[in-house]
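These are the residues of each chain, in order.
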Amino acid sequence: FIRLRPPLAREAGTEMCCFVHDVEDPRGRQVQQILLQRPDMEACKLPSEFVFERVFRPEATQDEVWAALRASLDVVGALLEGVGATVFAYGQTGSGKTHTIDGDGSGIIARV
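Calculation notes
- Residues numbered from 1 in each chain as written.
- Predicted model: local features only at pLDDT ≥ 70, side-chain atom pairs only at ≥ 80, totals over all residues.
- Heavy atoms only, no water.
- Helix = DSSP H or I, 4+ residues; strand = E, 2+ residues; numbered from the N terminus.
- Buried < 20%, exposed > 50% of the residue type's maximum accessible area, 1.4 Å probe, protein only.
- Areas by Shrake-Rupley, 256 points an atom, 1.4 Å probe, with all protein chains shown as cover.
- Phe/Tyr/Trp six-rings, centres within 6.5 Å; stacked < 30°, edge-to-face > 60°.
- Pairing = 2+ DSSP bridges.
- Axes fitted to C-alpha atoms, helices over the stretch in contact; angles between N-to-C directions.
- Contact = heavy atoms within 4.5 Å.
- Polar contact = N/O pair within 3.5 Å; in protein donor to acceptor, adjacent residues only side chain to side chain.

Caption draft 1: Examining the overall build of the protein chain more closely. Helix and strand counts for the protein chain stand at four helices and five strands. Start at the N end of the protein chain and walk to the C end: the helices and strands fall as β-β-β-β-β-α-α-α-α. Out of the 112 residues belonging to the protein chain, those deemed buried represent 24%. Summed over its atoms, the accessible surface of the protein chain is roughly 8200 Å², and 55% of this surface lies on carbon and sulfur atoms.

Caption draft 2: Structural view of the environment of Asp63. Along the chain, Asp63 turns up in helix α1 (residues 62–72). As a C-alpha pair, Asp63 and Gly107 span 44 residues in sequence and 8.3 Å in three-dimensional space.

Caption draft 3: Local environment of the packing of aromatic side chains. Under the definition given, this model contains one aromatic pair. Between Phe1 and Phe56, the aromatic rings sit 5.8 Å apart at their centres with planes inclined by 80°, giving edge-to-face as the arrangement. With a gap of 55 residues between them, Phe1 in the segment before β1 (2–3) and Phe56 in strand β5 (residues 55–56) connect regions that are remote in the sequence. For Phe1, a relative accessible area of 47% corresponds to the partly exposed category. With a relative accessible area of 2%, Phe56 lands in the buried category.

Caption draft 4: Inspection of the sheet that holds strand β2 (residues 18–24) at higher detail. Taken in spatial order, the three strands make up an open sheet running β2-β3-β4, and their pairing is antiparallel. Each edge of the sheet is formed by a strand with only one pairing partner; in this case those strands are β2 and β4 (49–52). Across the sheet, the mean angle separating the axes of adjacent strands is 30° when strand polarity is ignored. Bridge count for β2 against strand β3 (residues 30–36) is seven bridges, and the pairing is antiparallel. Within the sheet, the bridge partner assigned to Asp22 lies in β3 and is Gln32.

Caption draft 5: Region of the structure containing the environment of His21. As for its position among the elements, His21 is in strand β2. On a C-alpha basis, the gap between His21 and Leu35 in space is 7.9 Å, while along the polypeptide they are 14 residues apart. If we ignore the near neighbours within four places in the chain, the residues touching His21 are Val31, Gln32, Gln33 and Leu35.

Caption draft 6: Main features of the side chain of Gln33. Mapped onto the secondary structure, Gln33 falls in strand β3. Classification of Gln33 as buried rests on a relative accessible area of 16%. Looking at Gln33, its side chain comes within polar contact range of the side chain of Glu49, at 3.1 Å. Not counting the four nearest positions on each side in its chain, Gln33 is found in contact with Phe19, Val20, His21, Val23, Glu49, Phe50 and Val51.

So, to be careful, I would describe these as geometric facts and stop short of saying anything about function.
Listed below in structure tokens is the structure:
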């Protein structure tokens, strides 16, 4: 899963460079593709398309993220049975890790 964070206040009014499309992978599974497009990326050699099982758009709520996580991984059940479980948030500074994990008290930690 991947979560796109909402724009920061300083980014308001800037052009969106990340687009999400529903696609089918080579095995016929429904997945979501992120396409990065910016005028200054034309000369860039880095990949600009990425595919994930689930992409949470910037407007996704904490409830939506938790429901999808809980449905795909029985984190709480595993913890109650004594099995170790990890939810890992990775990204650059300002990418939304704390918002997803902690939020305003409604993130993943508060729900586990």
